[in-house]
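Analysis of the macromolecular model
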Amino acid sequence: MQHSRNRELDGVRGLAILLVVVAHSGLPVRWGALSGVTLFFVLSGYLITSLLIREWDQWGSVSLWRFWGRRGLRLLPALVVFLALVPVLLWATGDARIASYPTAALASVLYVGNWVRIAGTDLGVLNHLWTLSVEEQFYVAWPLAFIALMTWARPHVLGIVVAIAGLATVYSVWLRAPFIRLDISTETNAFALLLGVALAFALASMARRAWHPPRVSVAIPFAVMVAASAFPSHDVETDHGLFRPLGAVYAILGVWLVASAVLGRSRVVASPVMVFLGTISYALYLWHQALINSTLFGDRAILRNLALIAVAVVLSWLSWVLVERPAGRLRGRLHLDEPSRRQQAAVGDGPTGPRDPLR
């Protein structure tokens, strides 16, 4: 079973960013922001856990420093460049939010932006980086929990993670709290990451037992996710009660879509356009909302937003070519894909460690 990065998974990533960008443009797909971010979380949970499982199966342990080093090398270069350039945008447009920008940038680079916002501090054009905070907090905590589970509860790990993911989903749906906490807190978004975790363990278990499920259609869950994202919406107060239940629906659809992308093939999902969007999705997420939330080109309007999204696509491609891809090449020089000395000593010298599916 293929767990490494493939075109279908890139296409899923492309769909996630497309849903988010279209929703933020002002087009009538408001729920696309929720469905797209939830899909990102499910995919991240699946990919990160697949990586950890493969490393554990090969070496009997996980090198935390190498894992965190790979994540930092993947995420920080583009983020630092972005955070360095945004003040230029604010200064050029005479945006008064430049005065509070250092606080917003610090919260973002330390990946605590979601909690800072919940505490009452507006992060201006960086408000959307709360999702990166949630994911990075997951990247820190989950490998530690993974090692504990694999060390002391490996025979029961699938049942445990499925149960935890189920409880987290119920908690998220039934929790009553202010909208901002429901929207951006780590605790209310963890369920989507954990559903991705459960999917990774389930597919790995099937592979170990040599179960070969039939090829499935990727296009069907792809189309269902798009249609469900166009669910009618109103304003925040009216839709408050729907937010978490719909989030759970999108997460379940996300599990279906990611599993289908691993097990099946689709010309639509793996099309050049979707793969391109998936490739630049990280930088596009950074740039599109910062541009839309700026005062560049005046007040918000759909045509203005779409024009700025086009600019963001160009900037994201440049980020991929000039920043992200060169930074990725440093992995070899830093030996981040190789087993640690402790791992080599435990099982003897062997081939290079597992390839990171998030590259």
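In this report, the structure presented in the accompanying data block is examined. A quick note: this is a predicted structure, and the numbers were derived from the prediction, not measured.

Quick notes on the overall build of the protein chain
Per the secondary structure count, the protein chain includes 15 helices and zero strands. Along the first, second and third principal axes, the C-alpha atoms of the protein chain reach 60 × 45 × 40 Å. Looking at the protein chain alone, contacts between residues at least 24 apart form 78% of all its contacts between residues at least 6 apart. Looking at the protein chain as shown, the accessible area adds up to about 15800 Å², and 69% of this sits on carbon and sulfur atoms. Taking the average location of the 30 positive side-chain charges in the protein chain and that of its 19 negative ones, the two points are 8 Å from each other.

Remarks on helix α3 (residues 64–92)
For α3, built from 29 residues, the straight-helix expectation of 42 Å at 1.5 Å per residue is met to within 8% by its first-to-last C-alpha distance of 42 Å. Most pronounced at L76, the bend in α3 amounts to some 35°, and the proline P77 follows within four residues. Immediately beyond the C-terminal end of α3, within one or two residues, lies G94, with a positive phi of roughly 65°.

Comments concerning a nonpolar patch on the surface
A contiguous nonpolar patch, built from F276, V314, W317, L318 and L322 and spanning about 480 Å² of accessible area, is present on the exposed surface. Looking at which element gives the most residues to the nonpolar patch, the answer is helix α14 (residues 302–333), with four residues. Along the chain, L322 falls in helix α14. A residue is classified by how much of its surface remains accessible, and L322, at 61% relative accessible area, is exposed.

A look at empty space enclosed by the protein
Tallying each qualifying case throughout the model produces three cavities of 30 Å³ or more. The space that makes up the largest cavity amounts to roughly 420 Å³. Lining of the largest cavity is provided by 23 residues; of these, F40, S44, L75, E135 and Y282 occupy positions nearest its centre. Of all elements in the fold, only α2 (32–59), α3, α6 (130–152), α12 (272–279) and α13 (281–292) reach the threshold of two or more residues within the lining of the largest cavity. The biggest single contributor to the lining of the largest cavity is α2, with six residues. When grouped by side-chain class, the residues that make up the lining of the largest cavity number twelve nonpolar, five polar and six charged.

What to know about the pattern of salt bridges
By the definition in use, this model includes nine salt bridges. Its salt-bridge partner being E8, residue R265 comes within 4.0 Å of it at the nearest N-O pair. Taken together, the positions of R265 in the loop between α11 (236–263) and α12 and E8 in helix α1 (residues 7–25) put the pair 257 residues apart, joining distant regions of the chain. Given a relative accessible area of 43%, R265 falls into the partly exposed group.

What to know about unusual backbone geometry
With a phi close to 65°, F297 is a non-glycine residue in the positive phi region. Note that F297 resides in the loop between α13 and α14. Despite not being glycine, H335 has its phi angle at roughly 60°, a positive value.

Re the side chain of S63
Looking at where S63 falls in the secondary structure, it is placed in the loop between α2 and α3. A relative accessible area of 6% places S63 in the buried class. If we ignore the near neighbours within four places in the chain, the residues touching S63 are E55, S340 and Q343.

A look at the packing of aromatic side chains
Inspection of every chain in the model, using the stated rule, returns ten aromatic pairs. With a centroid separation of 5.0 Å and an interplanar angle of 90°, the aromatic rings of F82 and W287 are classed as edge-to-face. Here F82 is found in helix α3, whereas its partner W287 is found in helix α13, with 205 residues between them in sequence. Per residue, the accessibility class of F82 equals that of W287, and both read buried. Seen in terms of ring centroids, W142 and F146 are 6.0 Å apart; in terms of plane orientation they differ by 75°. Their pairing is edge-to-face. Within this pair, W142 and its partner F146 are both found in helix α6, separated by four residues, close to a single helical turn. One aromatic cluster in this structure is built from W56, F138, Y139, W142, F146 and F201. The residue whose ring lies beneath R30 is W31, and the NZ or CZ to ring-centre distance is 5.0 Å. One residue, R209, lies across the ring of W211, its end atom 5.8 Å from the ring centre.

Notes on the layout of surface pockets
What the largest pocket holds in volume is close to 610 Å³. Elements with a minimum of two residues in the lining of the largest pocket: α1, α2, α8 (179–184), α11 and α13. Considering every element that reaches the lining of the largest pocket, the biggest residue donor is α2, with four residues. Class assignment for the residues of the lining of the largest pocket results in eleven nonpolar, seven polar and five charged.

Some details on the environment of I98
Among the secondary structure elements, I98 is positioned in the loop between α3 and α4 (101–109). A C-alpha to C-alpha distance of 45 Å links I98 and R267, two positions 169 residues apart in sequence. Contact partners of I98, with chain neighbours within four places excluded, come to P87, L90 and W91.

Calculation rules
Chains are numbered independently. Their residues run from 1 in the order of the written sequence. Under the rules for a predicted model, residues below a pLDDT of 70 receive no local features and side-chain atom pairs below 80 are neither given nor counted, while totals for whole chains, interfaces and linings still include all residues. In computing side-chain values, all of the structure's heavy atoms are included and hydrogens and water are not. Put simply, DSSP marks the helices as runs of H or I at least four residues long and the strands as runs of E at least two long, and each gets a number from the N terminus on. Two residues qualify as a contact provided that any one of their heavy atoms is within 4.5 Å of a heavy atom in the partner residue. Only the protein chains shown count as cover for residues, and all accessible areas are computed by the Shrake-Rupley method using a 1.4 Å probe. Charge convention: Lys and Arg are scored as positive, Asp and Glu as negative, and His as well as the terminal groups of each chain are ignored. Here the site of a charge means atom NZ of a Lys, CZ of an Arg, CG of an Asp or CD of a Glu. Multiplying 1.5 Å by the residue count of a helix minus one yields the expected span of that helix. Consider a residue and the seven residues that end there alongside the seven that start there; fitting an axis to each set, the bend is the angle between those axes. Each patch groups residues whose relative accessible area exceeds 30% and which form no salt bridge, using 9 Å between like charges and 5 Å between nonpolar side chains of Val, Leu, Ile, Met, Phe, Trp and Tyr. We define a salt bridge as a contact between a side-chain nitrogen of Lys or Arg and a carboxyl oxygen of Asp or Glu at a distance within 4 Å. Partly exposed describes any residue whose relative accessible area lies between the buried limit of under 20% and the exposed limit of over 50%, with all areas from a 1.4 Å probe on protein chains only and scaled to the type maximum. In this analysis the probe radius is 1.4 Å and the grid spacing 1 Å, with only protein atoms considered; a cavity is a set of points the probe fits into but cannot get out of, a pocket is an open set with protein on both sides within 12 Å along at least five of seven lines, and lining residues have an atom within 4 Å of a point. Grid points are joined across faces, edges and corners, and a volume is the space filled by probe spheres set on the points. In the scheme used here, Gly and all other residues not listed as nonpolar or charged are polar, with Ala, Val, Leu, Ile, Met, Phe, Trp, Tyr, Cys and Pro taken as nonpolar and Asp, Glu, Lys and Arg as charged. Stacked, tilted and edge-to-face are the three classes assigned to paired rings of Phe, Tyr and Trp, where Trp is represented by its six-membered ring and a pair needs centres within 6.5 Å; plane angles under 30 degrees give stacked, over 60 edge-to-face, the rest tilted. A ring is considered to have a charge above it if a Lys NZ or an Arg CZ atom is located within 6 Å of its centre and within 35 degrees of its normal.

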